[in-house]
Amino acid sequence: MLTRKQHELLLFIHERLKETGIPPSFDEMKQALDLASKSGIHRLITALEERGFIRRLPNRARALEVLRLPDSIAPGLNAQKKFAPSVIEGSLGRNMAASSPRPRIVNDRVANDDAMATISVPVMGRIAAGVPISAIQNQTHSISLPPEMIGPGDHYALEVKGDSMIEAGIFDGDTVVIRRSDTASPGEIIVALVDDEEATLKRFRRKGASIALEAANPAYETRIFGPDRVQVQGKLVGLIRRY
């Protein structure tokens, strides 16, 4: 599933290419989507490219190729294209509160030993800051986890890339297990959706009426947003590490 802005931009590029054979400029895309700056267009283009909808052609100015459209619009076109699931890489956290619990860690070999006693959880790609959403909407594969690790509720997993949550015990290559939720308490590590475009793993804080998304590495700054700009997509409940 694309966000509304990603969907609008993809269709705008597709229609322009169909009409003229030339991709629109960033200024034209910015005006068509009524965005304040080109940086927003850049984030949307990156998201569409990461998810396999478009491709930027090297050594050519403003050269874009539409590889696929949403299935609801052009299933025939998509059947002809090979598509790799989206990868969203990440920049994550800072300053872990000493009282905050660390995620449970399970060796993935042990977690998969007894398929009869496990629950299948979809892995929805990788998560990171700075790239538009949609890590949490494209299943790449599944993992099997013991029921006592996750408890009740709907769960998904995300692969972590980067060192931004190292002080929370979350390292590059780990897989985080997330329970879907639209609320969180201060200090919890969450998947947050910012401005309907960017998914990120951060520690949830409140700063007055605002929401702070806090990293767990001093090299990364805490980001503060108005409450209407952040949606909680789930809470960290476990972590899997390969040995």
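Fair warning: this is a prediction, and the values are worked out from it, not measured in the lab. (Residues numbered from 1 in each chain as written. Predicted model: local features only at pLDDT ≥ 70, side-chain atom pairs only at ≥ 80, totals over all residues. Heavy atoms only, no water.)

1. Here's the deal with the overall build of the protein
From N to C terminus, the protein includes six helices and twelve strands. The buried share among the 243 residues of the protein stands at 49%. Contacts in the protein between residues far apart in sequence, at least 24 positions, make up 65% of those at least 6 positions apart. Carbon and sulfur atoms provide 50% of the accessible area of the protein, an area that totals close to 12,000 Å². (Helix = DSSP H or I, 4+ residues; strand = E, 2+ residues; numbered from the N terminus. Buried < 20%, exposed > 50% of the residue type's maximum accessible area, 1.4 Å probe, protein only. Contact = heavy atoms within 4.5 Å. Areas by Shrake-Rupley, 256 points an atom, 1.4 Å probe, with all protein chains shown as cover.)

2. What about the packing of aromatic side chains?
Counted according to the given criterion, the structure contains zero aromatic pairs. One cation-aromatic arrangement involves Arg68 over Phe53; the distance from NZ or CZ to the ring centre is 4.3 Å. (Phe/Tyr/Trp six-rings, centres within 6.5 Å; stacked < 30°, edge-to-face > 60°. Lys NZ or Arg CZ within 6 Å of the ring centre and 35° of its normal.)

3. Remarks on unusual backbone geometry
A negative phi angle is the norm for most residues apart from glycine, just as the trans form is the norm for most peptide bonds. The backbone of Asp34 shows a phi angle near 60°, a positive value even though the residue is not glycine. Structurally, Asp34 is set in the loop between α2 (26-33) and α3 (38-50).

4. Some thoughts on the confidence of the model for the protein
A low pLDDT means the predicted coordinates there should not be read in detail. Averaged over every residue, the pLDDT of the protein is 75; the share at 70 or more is 73%. Confidence, read as mean pLDDT per element, is least for helix α5 (residues 108-111) in the protein (43) and greatest for strand β10 (residues 210-214) (93). Taken as a whole, residues 104-116 scores under 50 in pLDDT and shows 22 contacts with residues more than four places along the chain or in a different chain. Here residues 129-135 scores under 50 on pLDDT; set against residues more than four positions off or in separate chains, the count is 45 contacts. (pLDDT = per-residue confidence, 0-100.)

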